[in-house]
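A closer look at the structure
Read off the chains here:
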Amino acid sequence: MRACVNARGIVKTVRGQYDLLGRRFIVTEGQFDFPGRKNVNIPIKLEALYEYRTTSRDRRFLVLKVSGDLQNPVIKFYE
């Protein structure tokens, strides 16, 4: 069985979640663009939220944003 190496199109996430280091992040936006060429460094766009409580029980969100491409991702965190 061969893998498809000339994938073309855009993959958008509608909803989802992932677990990282024991924390659950909820995906709010995601997009991967496959231009249809071999060995392409595809652009990525991903945003996810992590909800937590402060010591005073206030509800807060940590936002994770990933942009750039697969070889050079830019990862940022915001509160």
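That block above? That's the structure.
Here goes a summary of the coordinates provided. If you're wondering where the values come from, they're calculated on a predicted model, not measured in any experiment. (Residues numbered from 1 in each chain as written. Predicted model: local features only at pLDDT ≥ 70, side-chain atom pairs only at ≥ 80, totals over all residues. Heavy atoms only, no water.)

1. With respect to the nonpolar core
Phe-25, Ile-44, Ala-48, Tyr-50, Leu-64 and Val-66 together form the largest nonpolar core, which totals six residues. With three residues, the top contributor of residues to this core is strand 4 (residues 44–53). (Core = buried A, V, L, I, M, F, W, Y, C linked by side-chain atoms within 4.5 Å. Buried < 20%, exposed > 50% of the residue type's maximum accessible area, 1.4 Å probe, protein only. Helix = DSSP H or I, 4+ residues; strand = E, 2+ residues; numbered from the N terminus.)

2. Description of the packing of aromatic side chains
Per the counting criterion, the structure on display carries two aromatic pairs. Ring geometry for Phe-25 against Tyr-50: centres 5.5 Å apart, planes inclined by 40°, an arrangement best described as tilted. Note that Phe-25 is positioned in strand 3 (residues 23–35) and Tyr-50 in strand 4, a separation of 25 residues in sequence. The burial state of Phe-25 is the same as that of Tyr-50; both residues are buried. Ring geometry for Tyr-50 against Tyr-52: centres 6.2 Å apart, planes inclined by 10°, an arrangement best described as stacked. Overall, Tyr-50 belongs to the buried group, its relative accessible area being 18%. Relative accessible area serves as the criterion here: at 25%, Tyr-52 is assigned to the partly exposed category. Three or more aromatic residues link up through ring pairs in this structure, and these residues are Phe-25, Tyr-50 and Tyr-52. (Phe/Tyr/Trp six-rings, centres within 6.5 Å; stacked < 30°, edge-to-face > 60°.)

3. Considering the side chain of Asp-69
With respect to the helices and strands, Asp-69 occurs in the loop between strand 5 (59–68) and strand 6 (73–78). Separated by 3.2 Å, the side chain of Asp-69 and the backbone nitrogen of Gln-71 make a polar contact. Residues contacting Asp-69, with those up to four places away along its chain left out, are Asn-41, Ile-42, Pro-43 and Ile-44. (Polar contact = N/O pair within 3.5 Å; in protein donor to acceptor, adjacent residues only side chain to side chain. Contact = heavy atoms within 4.5 Å.)

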